[in-house]
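A structural walkthrough
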2 protein chains.
Amino acid sequence: MTRHLSTTDRTTIRRSSARARSDRSDLYASLDAGLICHLGLLIDGSPRVLPTGYGRRGDTLYLHGSTGARSLREAAGGVEVCVTVTHLDGIVYARSLFHHSVNYRSAMIHGQAREVVDADEKLQALRVITDQLAPGSWEHARQPNKRELAATAVLAVDLAEAAVKIRDGGPNDDTEDIEAGKAWAGVLPLRMHWGAPEPSTDLPAGFAVPPHVGERTYPA
Amino acid sequence: MTRHLSTTDRTTIRRSSARARSDRSDLYASLDAGLICHLGLLIDGSPRVLPTGYGRRGDTLYLHGSTGARSLREAAGGVEVCVTVTHLDGIVYARSLFHHSVNYRSAMIHGQAREVVDADEKLQALRVITDQLAPGSWEHARQPNKRELAATAVLAVDLAEAAVKIRDGGPNDDTEDIEAGKAWAGVLPLRMHWGAPEPSTDLPAGFAVPPHVGERTYPA
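All values reported here derive from a predicted model rather than from experimental measurement.

**Looking at the nonpolar core**
Formed by 57 residues in total, the largest nonpolar core has its most connected members in L63 of chain A together with L63 of chain B. The residues touching L63 of chain B, leaving out its near neighbours within four places in the chain, are C37, L39, T52, G53, Y54, V83, I129, A153, V154, L155 and V157 of chain B.

**Details of the pattern of salt bridges**
By the definition in use, this model includes 24 salt bridges over all chains. Residue D32 of chain A pairs with R56 of chain A through a salt bridge whose shortest N-O separation is 2.8 Å. Separated by 24 residues along the polypeptide, D32 of chain A in helix α2 (residues 24–32) and R56 of chain A in strand β3 (residues 46–57) bring together distant segments of the chain. We note a salt bridge from R142 of chain B to D177 of chain A, for which the minimum N-O separation is 2.7 Å. Placement of the pair is R142 of chain B in the loop between α5 (137–140) and α6 (146–150) and D177 of chain A in helix α7 (residues 175–180), with the two residues belonging to separate chains. By relative accessible area, which is 10% here, D177 of chain A ends up buried.

**Brief notes about the interface of chain B and chain A**
When the parts of a complex come together, some accessible area is lost, and that lost area is often taken as the interface size. Listed per partner, the contact involves 89 residues of chain B and 89 residues of chain A. For the pair chain B and chain A, the summed buried surface comes to about 7,400 Å²; carbon and sulfur atoms form 66% of the total. Looking only at chain B, the three residues that lose the most surface to chain A are L97, W184 and E198 of chain B, adding up to 11% of its buried area. The tally of links from chain B across to chain A stands at 6 salt bridges. Across the pair R142 of chain B and D174 of chain A runs a salt bridge whose closest N-O atoms are separated by 3.7 Å. Inspection of the chain B/chain A interface yields 32 residue pairs in polar contact (both at pLDDT 80 or more). Here the side of chain B that touches chain A takes 9 residues from strand β10 (residues 186–194) of chain B, the largest share from any one element. Split into classes, the residues belonging to the side of chain B that touches chain A amount to 48 nonpolar, 25 polar and 16 charged.

**Describing the relation of the copies chain B and chain A**
Here chain B sits on chain A after a turn of 180° about the axis and a move of 0.0 Å along it, with an RMSD of 0.0 Å. In symmetry terms, the pair is related by a two-fold rotation axis. Considering only C-alpha atoms, the part of chain B nearest the rotation axis is M192 of chain B, at 2.2 Å. When the interface residues of chain B are mapped onto chain A, 100% of them again fall at the interface, so both copies present the same face.

**Notes on unusual backbone geometry**
Residues and elements named next belong to chain A. Cis geometry is adopted by the peptide bond preceding P219, which originates at Y218 and carries an omega value of -15°. By secondary structure assignment, the location of P219 is in the segment after α8 (211–214). The backbone of D44 shows a phi angle near 50°, a positive value even though the residue is not glycine. Residue placement: D44 occurs in the loop between β2 (36–43) and β3. Judged by its relative accessible area of 62%, D44 falls in the exposed class.

**Focus on the side chain of H100 of chain B**
One can find H100 of chain B in the loop between β5 (80–93) and β6 (101–112). At 3.0 Å, the side chain of H100 of chain B forms a polar contact with the backbone oxygen of S96 of chain B. Residue contacts for H100 of chain B: discarding those within four places in its chain leaves A134, S137 and A141 of chain A together with V92, Y93 and A94 of chain B.

**Comments concerning the side chain of S30 of chain A**
All names here are of chain A. Structurally, the position occupied by S30 is in helix α2. For S30, a relative accessible area of 1% puts it in the buried group. Dropping the residues within four chain positions of it, S30 is found in contact with Y54, V85, H87, R105, A107 and V164.

**Brief notes about the pairing of β6 of chain B**
Residue and element names in this part refer to chain B. Among the 12 residues of β6, 10 are classified as buried, and the element is accordingly described as predominantly covered. Relative to β6, β5 runs antiparallel, the two being bridged by 12 bridges. Looking at the pairing, T84 lines up with M108 of β6. Pairing of β6 with strand β9 (residues 161–167), which is carried by 7 bridges, proceeds in the antiparallel orientation. Each residue of the ladder has a partner; that of M108, found in β9, is A163.

**A look at the pairing of strand β8 (residues 152–158) of chain B**
All names here are of chain B. Counting buried positions along β8 yields 6 of 7 residues, so the element is predominantly enclosed. When strand β7 (residues 114–115) meets β8, the two strands line up antiparallel, connected through 2 bridges. The residue bridging R114 from the neighbouring strand is A156, located in β8.

**Side note on the packing of aromatic side chains**
Evaluated as defined, the whole model comprises 4 aromatic pairs over all chains. Geometrically, the ring pair formed by Y93 of chain A and W184 of chain A is edge-to-face, given 6.1 Å between the ring centres and 65° between the ring planes. Of this pair, Y93 of chain A sits in strand β5 (residues 80–93) while W184 of chain A is found in the loop between α7 and β10 (186–194), placing the two residues 91 residues apart along the sequence. Of the two residues examined, Y93 of chain A and W184 of chain A, each falls in the buried class. With 5.9 Å between their ring centres and 65° between their planes, W194 of chain B and Y218 of chain B make a pair best called edge-to-face. Here W194 of chain B, found in strand β10, pairs with Y218 of chain B, found in the segment after α8 (211–214); they are 24 residues apart in sequence, far enough to count as distant. Of the residues examined, Y218 of chain B reaches a relative accessible area of 24% and is grouped as partly exposed. If you follow R56 of chain A out to its NZ or CZ, it ends over the ring of Y28 of chain A, 3.9 Å from the centre.

Basis of the calculations
The residue count restarts for each chain, going from 1 along the sequence in the order it is written. Numbering of ligands from 1 and lettering of chains from A proceed in the order in which they are written. Local features in a predicted model are, by the rule used here, given only for residues with pLDDT of at least 70; side-chain atom pairs are given and counted only at 80 or more, and totals for whole chains, interfaces and linings are based on all residues. Remark: hydrogens and water are excluded; side-chain values derive from all non-hydrogen atoms of the structure. Joining through side-chain atoms within 4.5 Å is the link that ties buried Ala, Val, Leu, Ile, Met, Phe, Trp, Tyr and Cys residues into a set, and such a set is a nonpolar core. Buried residues are those whose accessible area, probed at 1.4 Å on protein chains only, stays under 20% of the maximum for their type, while exposed residues exceed 50% and partly exposed ones sit between those limits. Whether two residues are in contact is decided by their heavy atoms, any of which lying within 4.5 Å being enough. Any Lys or Arg side-chain nitrogen located within 4 Å of an Asp or Glu carboxyl oxygen qualifies as a salt bridge. Numbering of helices and strands runs from the N terminus; a helix is a DSSP stretch of H or I covering at least four residues, while a strand is a stretch of E covering at least two. By convention, the term buried area covers the 1.4 Å-probe accessible surface removed from two parts as they join, with the contributions of both added. Under the rule applied, a polar contact is a pair of N or O atoms within 3.5 Å (in protein, one hydrogen donor and one hydrogen acceptor; residues adjacent in sequence only if both atoms are side-chain atoms). Throughout this entry, Asp, Glu, Lys and Arg are counted as charged residues, while Ala, Val, Leu, Ile, Met, Phe, Trp, Tyr, Cys and Pro are counted as nonpolar. The remaining residues, Gly among them, count as polar. To line up the copies, we fit them by least squares on C-alpha atoms, keeping just the residues with pLDDT of at least 70 in both. For two strands to be treated as a pair, DSSP must find no fewer than two bridges joining them. Aromatic contacts are taken between Phe, Tyr and Trp rings whose centres are within 6.5 Å, Trp giving its six-membered ring; a plane angle under 30 degrees counts as stacked, one over 60 as edge-to-face, and the others as tilted. Remark: a charge is flagged as sitting over a ring if the NZ atom of Lys or the CZ atom of Arg is within 6 Å of the ring centre and within 35 degrees of the ring normal.

Shown next, in the form of structure tokens:
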């Protein structure tokens, strides 16, 4: 099965389906192409799902947030978490409603969150998270001071228990529906791109947009 | 606080911050503009976060999936779930790394999932879910038959416990950093759009792309 919809190979387009991938490079690619994750954990016995920034270094995923956020404090206590990063790549239109689907890549990580307390690792983790969300900013913007570092909680989750599911290609219609020829079938791809930078109004006049913002590509 | 970054109103751009909204119209708007949600629930005592399709009708959120999926079977048992729909609207570049942020809208719903068993409600729910993910397909594609309906599980979650958090506007830099004038600050908006439809190769030659696909706008 190929990763992309082919318009010339009927076999390719029909065989696509959701499946788990064991290839680590697919996992890394899905994580590295994302901007935010959804962090799942229990708070007072109830499941919570929170969007948050993250970054990957080797087989460690780093998450960060305010030390004032209850969710981060809970997660820092070594509780079990699930982190999911999803890319929605397109809508799959089939001849039947039943076979309508979506193309996506979804990485899911299970593990116990560990609070990063070592100063060196914490700074490195913040750099990794910054490079994911705003590459170039680590070199451009003011570094965090002691007070800011103390107000920032960083969590680490090991990628030992991680998998990625990928669905791509066209619809898997039933033969009767294909032969009936009544409905359109195919994929409507969903794309993301960066809009024009919107400078803060309190910038000095003529402050140029730096290349790491103005020339940013998606994904990074 | 306004909802959009203003390039003419310094007050507006500085005051923006993440906050919970109690306005139901903000909640509905965030849910209605989404394509997938992240469903959080416990499986064997461990949190799971799964991307899935959904739709809203009044104050009910409907989710669906295969009856073969363990997560859906678990959720159908009346367990507690958390459903989160997140829109990432842009990256907020600040003069300091600490004040870097993202603009987003995130709706979060807590509740007990209820399996939809009534045939009429189930069909209505499937229509709602279809209209969210692929508007126009309900009228265009083949309706589900009995076998397909039996293989599809539909869950309902009440919107009684639901909230939306929205962060918009520019960075909230410290005065010293603004006065230092060393770094750029502003917002890089993230946009989504539909690519060109990719027809399935097994369509008859000349089968036109129907308007509900070819003229689809984002959000719907």
